[in-house]
Amino acid sequence: MTKQIERISNEIKEFPKYLKDWAKTFKGGLTVLCLIGLFLMPLVTTSPYFLGIFILAMIYSIYAASWDFLAGFVGKVSFGQAIFFGLSGYITAASLKFIHYPWWGALIFGSLFAALVGLIIGLITLRLKGPYLALGTMVIAIILQKLFALYELKPILWGDEGISGIPPLSTNAIEVYYVILIFMIISFIVMIKLTKINIGIIFRSIRDDETGSDASGINTVKYKVIAFMISSIFAGIAGGLFAMFNRAVNPLIFQALYSFYPIVMAALGGIATISGAALGAFIFVFLGEIVRDLADPLFIFSIVLILIIRFASEGILKSALERLKEFWDILIGR
Amino acid sequence: MGVILEVKNLTKKFSGLTAVNDFSFEIKRGEFVGLIGPNGAGKTTIFNLISGFERPSSGKITFNGKDITNMKPFKIVNLGIARTFQIVRAFKFMTLLDNIKVSCLSTRGKELAKQYGIDESASSILAAVGLVDKARIPPVILPHGDLRKLQIGKALGTNPQLLLLDEPFSGLSHEEQQGITELIKKLHDDGVTVFMTGHVLRELMHLVPRVIAMNQGKYITEGPPQEVANNKIVLEAYLGKGSEQLA
């Protein structure tokens, strides 16, 4: 025990140096630049519309990363990520409006509920593999959508109008922006760290070969359920923030579209990268705003996705980074 | 020298086909035993039954005095039975070091690794199987012989008492076979009980002091390889009836 404490304290002591070294690397430097850019954004514009676009992109980043964590690192492709997104949205909204929790309390409550649902769904879909898991999770999301919209259940599930008039996180758009930015940074650090420590090695072994992982003495059932819970916590954080940002939630949050969004975003940025999900989400939201008046965004995205699958099947993050690094090497004369 | 593995009246039926039929044998601690039989005799099925990947229709398997019939594969591994597969299995997109680390992270592997840490034990196992210079590359680009070594390394990570090797030589060149033979011999000298299959007798002959022969799911005989190889029924199983004149 004391050994562990010593190790952790050592790690904390080493951290500033580690951070400095990391910021000097190409990838680290780029990340730091992007983060500085995001932190300074409210200096450039304070328009609630523009900040809103960034806020939405950051919420979707967490959401897409939660899907990427499960699909890219544990190999469990869920087509029903909206289950956790939506349920946490509902719980957050209800506890804000009816129990008058503070926003952070409601968010924790919502995400923990999502984790519980993740545990249950992980257990019931345990034996489903590949397309059957995708179908199973998709069906659960559809059932939830119909259930929440059911007229007979209106007294307990608020019917198809859902909950509206949720108290906002803050009336100040800049404050909301910073809160969500911090949530995004913490979520990404935790998820990226989780893929790198020992448990991440176990997750990846399940992705690559579940039988082989079993033969290596790993309790695959336990780790699959843990992975589902981790993914659902972050989808839940995104869902809760999304409900607070929209100040309303209705059964349409469970629709297949919301399950496909994270898949499109993660595929845009690059699956099994986590940070690619952020890039994908930002492109998705920005492009969506730009093409909004021209055509249905989903139509455009379907085309973009086909192009990506054809020309950059590993996502655009990796190839973009490579190009940028080449350019960088030329600039500094290597 | 107690009995480490006892298999009693083991039977496995796949809808209509009896893959393993009333099979019984014993392996003593520290022994080095081979299981031979022509293709389709049921050798791999016996391994799958012992390691828990398939459930027997009837019969009993006891390991170190403990009943392990119907136990889950990962639990059996954590009791001390590790296996390799006839068709190589590896975590394709992870480095070799991470491949071994997975085994070191199992309940049993962790106990072994506690002293030196996971990284160090995984590297020492990689060194033991002779892959330490390739620790940072993924197995997709390895030659087949190295993949066989990796499999043994993955099994070693769980600190096994009994090692089940399913066709460790299949698909290897003569030199590669030599390397694996050396490795297995060394493991046996270190005190691991080894039970391996092979459908080509020649490879096993030099290696094991005792073989068990089977055909069509049934036990035929056991004994020193030379004796078994001259057994009439074994010859029949491999070469067909009336072949004793040929041999």
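The structure presented is a predicted model; accordingly, all values stated were derived computationally and were not measured.

**Some remarks on the overall build of chain A**
Thought 1: Counting its regular elements, chain A contains 15 helices and two strands.
Thought 2: In terms of C-alpha radius of gyration, chain A reaches 20 Å, essentially the compact-globule figure of 20 Å for 334 residues.
Thought 3: Overall, chain A is about 70 × 55 × 50 Å in size when its C-alpha atoms are taken along their principal axes.
Thought 4: Every one of the 334 residues in chain A was classed for burial, and the buried ones make up 43%.
Thought 5: Summarising the internal contacts of chain A: among those between residues at least 6 apart in sequence, 77% fall at separations of at least 24.

**So, the pairing of strand S4 (residues 58-63) of chain B**
Residues and elements named next belong to chain B.
Thought 1: As defined by bridge partners, strand S1 (residues 3-14) adjoins S4 across five bridges and the pair is classed as antiparallel. Bridging across to S4, Leu5 finds its partner in Phe63.
Thought 2: Bridge count for S4 against strand S5 (residues 66-67) is two bridges, and the pairing is antiparallel. Directly across from Phe63, in S5, lies its bridge partner Lys66.
Thought 3: Linking S4 back to S5 in an antiparallel pair, the connection comprises two residues, with Asn64 at a positive phi of about 55 degrees.

**With respect to the sheet that holds strand S3 (residues 32-36) of chain B**
Residues and elements named next belong to chain B.
Thought 1: Reading across the sheet, the six strands line up as S6-S7-S8-S3-S9-S10 and stay open at both edges, with mixed pairing between neighbours. Where the open sheet ends on each side, the last strands, each with one partner, are strand S6 (81-83) and strand S10 (218-223). For this sheet the average axis-to-axis angle between neighbouring strands, irrespective of direction, equals 20 degrees.
Thought 2: Where S3 meets strand S8 (residues 193-198), five bridges bridge the pair, whose relative direction is parallel.

**Quick notes on unusual backbone geometry**
Residue and element names in this part refer to chain A.
Thought 1: Of note, His100 is a non-glycine position whose phi angle comes to about 60 degrees, a positive value.
Thought 2: Note that His100 resides in the loop between helix H4 (82-97) and helix H5 (103-124).
Thought 3: Note on His100: 10 C-beta atoms within 10 Å, which makes it exposed.

**Observations regarding the sheet that holds S1(B)**
Residue and element names in this part refer to chain B.
Thought 1: Ordered in space as S2-S1-S4-S5, the four strands form an open sheet in which the pairing is antiparallel. Only two strands of the sheet have a single partner each, and these edge strands are strand S2 (17-28) and S5.
Thought 2: Helix H1 (residues 43-50) contacts S1, S2 and S4 of the sheet and is inclined by roughly 65 degrees relative to S2.

**Section: the nonpolar core**
Thought 1: In this structure, Ile59(A), Tyr60(A), Ala65(A), Ala238(A), Met265(A) and Ala281(A) are the most contacted members of the largest nonpolar core, which totals 156 residues.
Thought 2: With 15 residues, helix H3 (residues 48-73) of chain A is the largest single contributor of residues to this core.
Thought 3: Looking at which domains feed residues into this core, each of domain 1 (1-80 + 161-247) and domain 2 (87-159) of chain B gives three or more.
Thought 4: Not counting residues up to four positions away in its chain, the partners in contact with Ile59(A) are Ile180(A), Ala238(A), Leu241(A), Phe242(A) and Phe245(A).

**Some details on the interface of chain A and chain B**
Thought 1: Each partner contributes residues to the interface: chain A has 17 residues there, and chain B has 23 residues.
Thought 2: Of all the elements in the fold, those that place two or more residues in the side of chain A that touches chain B are helix H9 (198-208) and helix H10 (210-215) of chain A.
Thought 3: Ranked by the residues each element gives to the side of chain A that touches chain B, the list is headed by H9(A), at six residues.
Thought 4: Of the residues that constitute the side of chain A that touches chain B, the class distribution is four nonpolar, nine polar and four charged.

The rules behind these values
- The numbering scheme is per chain: residues are counted from 1 as the chain's sequence reads.
- A letter from A marks each chain and a number from 1 marks each ligand, given out in the order of writing.
- Predicted model: local features are reported for residues with pLDDT of at least 70 only, side-chain atom pairs are reported and counted for 80 or more only, and whole-chain, interface and lining totals are derived from all residues.
- Secondary structure elements are taken from DSSP: a helix is a run of H or I of four residues or more, a strand is a run of E of two residues or more, and numbering for both begins at the N terminus.
- Radius of gyration: over C-alpha atoms. The globule rule applied is 2.2 Å multiplied by the number of residues raised to the 0.38 power.
- Buried residues are those with 20 or more other C-beta atoms within 10 Å of their own C-beta, exposed residues have 12 or fewer, and partly exposed residues lie in between; C-beta atoms are placed from the backbone.
- The contact criterion used is a C-beta to C-beta distance within 7 Å, with each C-beta placed from the backbone.
- Criterion used throughout: strands pair if DSSP finds at least two bridges between them.
- Here, axes are lines fitted to C-alpha atoms. For helices the fit covers the stretch in contact, and angles between N-to-C directions go from 0 to 180 degrees.
- Each nonpolar core reported here comprises buried Ala, Val, Leu, Ile, Met, Phe, Trp, Tyr and Cys residues connected via C-beta atoms within 7 Å.
- Per the annotation, domain bounds derive from an automatic or database assignment of domains.
- Throughout this entry, Asp, Glu, Lys and Arg are counted as charged residues, while Ala, Val, Leu, Ile, Met, Phe, Trp, Tyr, Cys and Pro are counted as nonpolar. The remaining residues, Gly among them, count as polar.

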